Amino acid sequence: MDELESKARQVLIEHEAISECDVHKGVYLDNGDPEAVSKAYAAAAEMVAAGEIETTKEKFLGAIGSVLGEASEDCPQCEGEGEADE
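What you see is a predicted model, and the numbers here were worked out from it, not measured in a lab. (Residues numbered from 1 in each chain as written. Predicted model: local features only at pLDDT ≥ 70, side-chain atom pairs only at ≥ 80, totals over all residues. Heavy atoms only, no water.)

### Some words on the nonpolar core
Nonpolar side chains in soluble globular proteins generally cluster together in the buried interior. Among the nonpolar cores identified, the biggest contains 20 residues, and Ala 8, Val 11, Leu 12, Ile 18, Phe 60 and Ile 64 are the most heavily contacted of them. Considering every element that reaches this core, the biggest residue donor is helix α2 (residues 34-49), with 7 residues. Excluding anything up to four places from it in sequence, Ala 8 contacts Phe 60, Ala 63, Ile 64 and Val 67. (Core = buried A, V, L, I, M, F, W, Y, C linked by side-chain atoms within 4.5 Å. Buried < 20%, exposed > 50% of the residue type's maximum accessible area, 1.4 Å probe, protein only. Helix = DSSP H or I, 4+ residues; strand = E, 2+ residues; numbered from the N terminus. Contact = heavy atoms within 4.5 Å.)

Here you go:
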């Protein structure tokens, strides 16, 4: 993961758009909150405008979208463990 994606993930977590699985570290879940996602995008745009991150607005917003797109609704590892227990 590059630095831009790491910062994008941090913004999404701070605005509660995604969260890390309590059991599986490094697995991020989409919290299903469109308002939180909107706030994260707005914060990301503000960070670029304020010079807090050295990239273009388009690239940083693209990284936000990419990280959000990688987040699952449910943890695939937790689901897999549930199947194994049945």
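### Regarding the packing of aromatic side chains
For the structure on display, the rule yields 0 aromatic pairs. The residue whose ring lies beneath Arg 9 is Tyr 28, and the NZ or CZ to ring-centre distance is 4.6 Å. (Phe/Tyr/Trp six-rings, centres within 6.5 Å; stacked < 30°, edge-to-face > 60°. Lys NZ or Arg CZ within 6 Å of the ring centre and 35° of its normal.)

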